[in-house]
Amino acid sequence: MRSECIKVRGSECSKVIKILRSVGLARADLKLKKCGEFVKIPLTQAVPSELSKLLKGIKWELCEDEFEEVVKGVTYKDLLKNELPEDVVSRLPRSYLIIGDIAVLHLPPELLPYGRVVAEAVMKVAKNVRVVYATRGIIGDYRLMDLVHLGGEDRSWTIHKEYGVRIYVDIKRAYFNPSLSEEHRRVAAKVSNGEVVMDLFAGVGPFALHILTLRRCRVYVADLNPSAVSCFLKSVELNRKKLKGEYLAIVGDALKFIDVVRDGYVDRVIMNLPHKAVKYIPEVLSKVKVGGVLHVYCIARNASELVEEVMKYSEGRVSVNEVVKVLDYAPFKYVHRADLVRVR
């Protein structure tokens, strides 16, 4: 279930929950969600202005995310304890992704024969889930999940909601990460009216959709996967009444697209391709105005490592305005966003 929440450091979690419960703001029907060193606490209603006083001295951030529902304190694994062998239950994942009304579990291949029973348990616990898949990882140039249908309706499309933005996603045909909802909104809020924005490697276009519903600007959305761009166009129709900006969607290689963009034309570029984005900085940078911004995503151990990598490819033509840790990727490795400003 989707809910407004506040994000705090794990070390502050117990204290914050106690305060939220004292004023009736902590939801008892949804589970807390751990995100690296932070915890997201679902809220019963919009944050009142006096909460800043109650949480004085505690760093917190308002956001929105998907949460598992609490069924009398029972998890889907609890429901399976009398259904499946103990060694099978112990190897099931503790959590799963929820995209719209679809749940996706990282299920080991040897546990796939138990998939139907697992799916039924997930749908009993997560009341909004109608479809359950297992994923065996990410494959191909389009970064698609390798999926096995476990139970529920036989479909792979859904409508996912982020901050009131409706996003059409077909998880078999296009990449989408629901854990980035907060990041989509955060980047969109940095855009000003009148900007020209390029969203390269856009996937189904969540960054672009947030920007278009927030700002009067022009957004170019480019992705190699035609199914991803098709999802974006369906989302545009779903959000038509909320659109403030204008867009142009391009199916094709992002770097071939920027070849036809004139130098110094763009105010802002989003490059969410963590494994390769830094390598494309030289080609993209000339298209950005002096003073314009590049949001570059990269996998690194820490901010210092990322800055070193960025400066190697930018040849001193940018300054680093901010580096933000976005997601856990692997032990001691994280997806970071570097906000770069073109200086010459």
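Every chain is numbered independently, its residues counted from 1 as its sequence is written. In keeping with the model being predicted, local features are shown solely for residues with a pLDDT of at least 70 and side-chain atom pairs are shown and tallied solely at 80 or more, while totals for entire chains, interfaces and linings include all residues. To obtain the side-chain values, all non-hydrogen atoms of the structure were used and water was disregarded.

*Asks:* What is the right way to read the overall build of the chain from this model?
*Replies:* When helices and strands are tallied, the chain shows 11 helices and 17 strands. Under the scheme applied here, a residue whose accessible area is under 20% of the maximum for its type counts as buried, over 50% as exposed, and between as partly exposed, the area being computed with a 1.4 Å probe on protein chains only. Going through the 344 residues of the chain one by one, you find that 50% of them count as buried. Contacts in the chain between residues far apart in sequence, at least 24 positions, make up 66% of those at least 6 positions apart. For the chain, the distance from the average site of its 56 positive side-chain charges to the average site of its 43 negative ones is 4 Å. Every helix listed is a DSSP run of H or I at least four residues long, and every strand listed is a run of E at least two residues long, numbered separately from the N terminus. We call two residues contacting when some pair of their heavy atoms lies within 4.5 Å. His is not counted, nor are the chain ends; Lys and Arg add positive charge and Asp and Glu add negative charge. Think of each charge as sitting on NZ of Lys, CZ of Arg, CG of Asp or CD of Glu.

*Asks:* What is the right way to read unusual backbone geometry from this model?
*Replies:* Most peptide bonds take the trans form, and the phi angle of most residues other than glycine is negative. A positive phi angle, close to 60°, is found at Arg143, a residue other than glycine. Mapping Arg143 onto the fold places it in the loop between strand E7 (131-139) and strand E8 (144-152).

*Asks:* I keep staring at the pairing of E7 and nothing clicks. Help me out?
*Replies:* The side chains of a regular strand alternate, residue by residue, between the two faces of the sheet. Strand pairing requires that DSSP identify at least two bridges connecting the strands. Two strands pair when backbone bridges link them, and strand E6 (residues 102-106) and E7 are joined in this way by 5 bridges, in the parallel orientation. Within E7, the position partnered with Leu105 by the bridge is Ala134. Tracing the backbone out of E6, into helix H5 (residues 115-125) and back to the parallel element E7 gives a crossover that is right-handed. Consider the strands pointing away from the viewer: the crossover is right-handed when the path from the first strand over the helix to the second runs clockwise.

*Asks:* What is the right way to look at the sheet that holds strand E14 (residues 266-271) in this model?
*Replies:* In a beta sheet, neighbouring strands are held together by backbone hydrogen bonds and run either parallel or antiparallel to one another. Judged by pairing direction, the sheet is mixed, and its 7 strands sit side by side in the order E13-E12-E11-E14-E15-E17-E16 without closing on themselves. Bordering the open sheet on either side are strand E13 (246-251) and strand E16 (318-330), each of which pairs with just one other strand. Sheet twist, expressed as the average angle between the axes of neighbouring strands with direction ignored, equals 15°. Pairing analysis gives 4 bridges linking strand E11 (residues 196-200) to E14, with the strands arranged parallel. Among the inter-strand pairings, Asp199 is bridged to a residue of E14, identified as Ile270. Where helix H6 (residues 181-190) meets the sheet, it contacts E14, strand E15 (288-300), E16 and strand E17 (333-342), and its direction lies at approximately 5° from that of E17. Think of each axis as a best-fit line through the C-alpha atoms, taken over the contacting stretch in the case of a helix, with angles from 0 to 180 degrees between the N-to-C directions.

*Asks:* For this particular structure, what's the right way to read the pattern of salt bridges?
*Replies:* Pairing is possible between side chains of opposite charge, provided their charged atoms come close. One speaks of a salt bridge when a side-chain nitrogen belonging to Lys or Arg is within 4 Å of a carboxyl oxygen belonging to Asp or Glu. Summed over all chains, the structure comprises 33 salt bridges. Of the charged contacts, one joins Lys40 and Glu182 as a salt bridge, the two residues approaching to 3.2 Å between their closest N and O atoms. Linking Lys40 in strand E3 (residues 38-42) with Glu182 in helix H6, this pair joins segments that are 142 residues apart in sequence. Here the two residues Lys40 and Glu182 agree in accessibility, since each one is buried. Taking the shortest distance from any N to any O, the salt bridge between Glu237 and Arg240 comes out at 2.4 Å. Given the relative accessible area of 40%, Arg240 is considered partly exposed. Here the salt bridges share partners, and the residues they tie into one network are Lys7, Lys33, Lys40, Glu61, Asp65, Glu182, Glu183, Arg186, Lys190, Glu322, Arg337 and Asp339.

*Asks:* Would you mind going over the sheet that holds E6 with me for this structure?
*Replies:* Taken in spatial order, the 4 strands line up as E5-E6-E7-E8 in an open sheet, and their pairing is mixed. Strand pairing shows two members of the sheet lacking a second neighbour, strand E5 (97-99) and E8, which therefore form its edges. Each neighbouring strand pair of the sheet contributes to a mean axis angle of 30°, computed without reference to strand direction.

*Asks:* Help me understand the packing of aromatic side chains in this model?
*Replies:* Centre-to-centre distance and the angle between the planes together describe a pair of aromatic rings. In this analysis, rings of Phe, Tyr and Trp, with Trp reduced to its six-membered ring, are considered paired at centre separations within 6.5 Å, and the interplanar angle assigns stacked below 30 degrees, edge-to-face beyond 60, and tilted for intermediate values. Within the structure shown, the criterion is met by 7 aromatic pairs. Taking the centre distance of 6.0 Å and the plane angle of 35° together, the rings of Tyr220 and Phe257 count as tilted. Taken together, the positions of Tyr220 in strand E12 (residues 218-223) and Phe257 in helix H9 (residues 254-259) put the pair 37 residues apart, joining distant regions of the chain. In this structure Tyr220 comes out as buried when scored by relative accessible area, which is 13%. Through a chain of ring-to-ring contacts, the aromatic side chains of Tyr220, Phe257 and Tyr265 assemble into a single cluster. The cationic tip of Arg143 hangs over the ring face of Tyr175; the distance from NZ or CZ to the ring centre is 4.6 Å. Working rule: Lys NZ or Arg CZ, within 6 Å of ring centre, within 35 degrees of ring normal, means a charge sits over the ring. One Lys or Arg, Lys325, reaches over the ring of Tyr334 and ends 4.1 Å from the middle of that ring.

*Asks:* Looking at this structure, I do not really get the packing of H6 against helix H7 (residues 206-214). What am I missing?
*Replies:* Two packed helices can be described by the angle between their axes and the distance between those axes. Between H6 and H7, the shortest axis-to-axis distance is 8 Å and the interhelical angle comes to 45°. Taken together, the axes of H6 and H7 lie oblique to each other. For the element pair H6 and H7, the recorded crossing hand is right-handed. On H7, the residues touching Glu183, His184, Arg185, Val187, Ala188 and Ala189 of H6 are Pro206, Phe207, His210, Ile211, Thr213 and Leu214. The cut-offs work like this: below 35 degrees is roughly parallel, past 145 is roughly antiparallel, 65 to 115 is roughly perpendicular, and the gaps in between are oblique. Crossing handedness is read from the near helix: turned anticlockwise from the far helix by less than a right angle, it gives a left-handed crossing, and turned clockwise, a right-handed one.

*Asks:* Looking at this structure, I do not really get H5. What am I missing?
*Replies:* When we look at burial in H5, the residues that qualify are Gly115, Val118, Ala119, Ala121, Val122 and Val125. Seen along its axis, H5 keeps its buried residues to an arc of 165°; they face one direction. Counted as exposed and oriented over 90 degrees from the buried face of H5: Arg116 and Lys124. Note that the arc is defined by the directions from the helix axis to the C-beta atoms.

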